[in-house]
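# Working through the structure, step by step
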Amino acid sequence: MDALQMLLAQNEIRGLKARYCRFLDTKDWEGLTSLFLEDAVLDVEQDTGNPPLHGRAAIIEQIRIAVVDAVSSHQVHTPEITLLSEDAAEGVWAMQDRVVWQPGKSPIPGIASITGYGQYHERYHRSDDGWKFASLRLSRFHVDMHTA
Amino acid sequence: MDALQMLLAQNEIRGLKARYCRFLDTKDWEGLTSLFLEDAVLDVEQDTGNPPLHGRAAIIEQIRIAVVDAVSSHQVHTPEITLLSEDAAEGVWAMQDRVVWQPGKSPIPGIASITGYGQYHERYHRSDDGWKFASLRLSRFHVDMHTA
Amino acid sequence: MDALQMLLAQNEIRGLKARYCRFLDTKDWEGLTSLFLEDAVLDVEQDTGNPPLHGRAAIIEQIRIAVVDAVSSHQVHTPEITLLSEDAAEGVWAMQDRVVWQPGKSPIPGIASITGYGQYHERYHRSDDGWKFASLRLSRFHVDMHTA
């Protein structure tokens, strides 16, 4: 893989993550589904206490229930994307999410909204339809819990 | 347009947006003016309730009065920039703005500062002097209103 | 330097800054050390009131004491990176930092945590081991001081 091909692959993977945030915050579940491999893995154990989820359908449902009754804003920063081969890559992104639940809809007792800070740790594979998420793990530095 | 030309154009457009945020937050109105086409359009109706503004002079005046009596920090994330031709492109960015008005200067009764979350939806044209904003629309997911 | 070489250099410098934020927030002091030239300069006078620090050892110690008793999240945005030669560059980034000290560990009386907004102004040199920080200056637009 030459230098230009590497830049193009990183560019496409940044675009994949951009669409992830946009589809999540605009609640485009069909769009979001199109970004994951069928056998992808989602690990949000630090948030939910549950073990990693396997399979695209379970992943989308987990993401959907986390934000469907909220307005959310997911922001991601300064990716470090490493090409492992022509068709595989891994990446880490700094992240921030602001999630404001509708009144009475928060899953956290006494908490109306959160502002979270952490990192996404991801793997990507290139399919016939372009780069997709093979796995996504969220780690947290800190979460601000707001009562309003 | 080949792959390298596409990467260069996207790079220049990211630089355009970077200067937009920097000139806005450092209140460099001359610099900000240089980023817009003369017949550009600004749509901040979701914030102001007013219809889109036409023309660079009106745009800069709108932006100026929004932040001249405040400190502001505009942060933009994960652009999706699509080249429509060699000289036209469109893009969407996630955005966050923190605006803290000087005492008594806030335009919102009872509110001292905001933290906003949303998206910029933009069009760009390449002029003889490089890429410029042809249009800019701001949509909001959420705005936190702070009394202090 | 041709267009592809410029894109590659900017890409590597963005990676340098990404590692800076990651090493800082994960408290990897050895990793952080590896990012600075031995005779680098750090200017955080706007935060600390102290004049610029010279030399990598003093820089790392300053950064370490600023966050060692805290969780932190550093986010940087929309770099403007200008190549001055094949081996020298300068850049400006928008930045936000959230720093939450452990109880009783805050250096600011009565303040438990901050959310800061500003800019990094930096110079980079290319060494035999890749691009490194030659200097880093932090300027602030605003800092929110939180009592909790």
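The sections below set out a description of the structure shown in this document. Just so it is clear, the structure is predicted and the values come from calculations on it, not from any experiment.

Each value, and the rule that gives it
Residue positions within a chain follow its written sequence, with the count starting from 1. Chains and ligands are labelled sequentially in the order written, the chains with letters from A and the ligands with numbers from 1. Local features are withheld for residues below a pLDDT of 70 in this predicted model, meaning they are given only at 70 or higher, and side-chain atom pairs are given and counted only at 80 or more; totals for whole chains, interfaces and linings count all residues. Every helix listed is a DSSP run of H or I at least four residues long, and every strand listed is a run of E at least two residues long, numbered separately from the N terminus. Exposure classification rests on a simple neighbour count of other C-beta atoms within 10 Å of a residue's own: a residue reaching 20 or more is buried, one at 12 or fewer is exposed, and one in between is partly exposed. C-beta atoms are placed from the backbone. By the convention adopted here, residues make contact when the C-beta atoms placed from their backbones lie within 7 Å. A pair of strands counts as paired when DSSP detects no fewer than two bridges linking them. Any residue that is not Ala, Val, Leu, Ile, Met, Phe, Trp, Tyr, Cys, Pro, Asp, Glu, Lys or Arg is counted as polar, Gly included; the first ten are nonpolar and the last four charged. Axes here refer to lines fitted to C-alpha atoms; in helices the fit is confined to the stretch in contact. Angles between the N-to-C directions go from 0 to 180 degrees. C-alpha atoms of residues with pLDDT of at least 70 in both copies form the basis for the least-squares superposition of the copies. Here, expected helix span is obtained from the residue count minus one, scaled by 1.5 Å. By definition, a nonpolar core groups buried Ala, Val, Leu, Ile, Met, Phe, Trp, Tyr and Cys residues that are joined through C-beta atoms within 7 Å.

## Looking at the overall build of chain A
Helix and strand content of chain A: four helices and six strands. Starting at the N terminus and walking to the C terminus, you meet the elements of chain A as α-α-β-α-β-α-β-β-β-β. Taken along the three principal axes of its C-alpha coordinates, chain A extends 55 × 30 × 25 Å. Burial statistics for chain A: of 148 residues in total, 32% are counted as buried. Sequence separation of at least 24 residues holds for 57% of the intrachain contacts in chain A that already meet a minimum separation of 6.

## A short note on the pairing of strand β4 (residues 88–101) of chain A
Residues and elements named next belong to chain A. Burial runs high along β4: ten of the 14 residues are buried. With twelve bridges joining them, strand β3 (residues 70–83) and β4 adopt antiparallel strand pairing. Considered in β4, the bridge of T82 is made with E90. Joining the antiparallel neighbours β3 and β4 is a turn of four residues.

## Quick look at the interface of chain C and chain A
In this complex, chain C contributes 20 residues to the contact, which on the side of chain A involves 13 residues. By residue class, the composition of the side of chain C that touches chain A is eight nonpolar, six polar and six charged.

## Side note on the sheet that holds strand β1 (residues 36–43) of chain B
Taken together, the six strands give an open sheet; going across it, the order is β2-β1-β6-β5-β4-β3 (chain B), and neighbouring strands pair in mixed fashion. Sheet topology places β2 (53–54) and β3 (70–83) of chain B at the edges, where each strand pairs with a single neighbour. Two strands pair when backbone bridges link them, and β1(B) and β2(B) are joined in this way by two bridges, in the antiparallel orientation. Looking at the pairing, B:L42 lines up with B:L53 of β2(B). Lying over the sheet, helix α1 (residues 3–25) of chain A contacts β3, β4 (88–101) and β6 (130–146) of chain B, oriented at roughly 115° with respect to β3(B). Of the strands in this sheet, β3, β4, β5 (113–127) and β6 of chain B are in contact with helix α1 (residues 3–25) of chain B, which crosses β3(B) at around 165°.

## Details of the relation of the copies chain C and chain A
Least-squares fitting of chain C to chain A yields an RMSD of 0.0 Å, with the transformation described by 0.0 Å of translation along the axis and a rotation of 120°. Those values place the two copies in the arrangement expected of a three-fold rotation axis. Here only 15% of the contact residues of chain C are again contact residues in chain A; the copies associate through non-equivalent surfaces.

## Remarks on α1(A)
Residues and elements named next belong to chain A. Between its first and last C-alpha atoms α1 spans 33 Å; for 23 residues at 1.5 Å apiece the expected length is 33 Å, and the two agree. Every buried residue belonging to α1 is among Q10, N11, I13, K17, Y20, C21, L24 and D25, and all of these are buried. K27 lies just past α1 and shows a positive phi near 60°.

## Overview of the nonpolar core
Formed by 66 residues in total, the largest nonpolar core has its most connected members in A:I59, A:F133, B:I59, B:F133, C:I59 and C:F133. With residues up to four places along the chain from it excluded, the contact list for C:F133 reads C:L35, C:F36, C:L37, C:A40, C:E122 and C:Y124.

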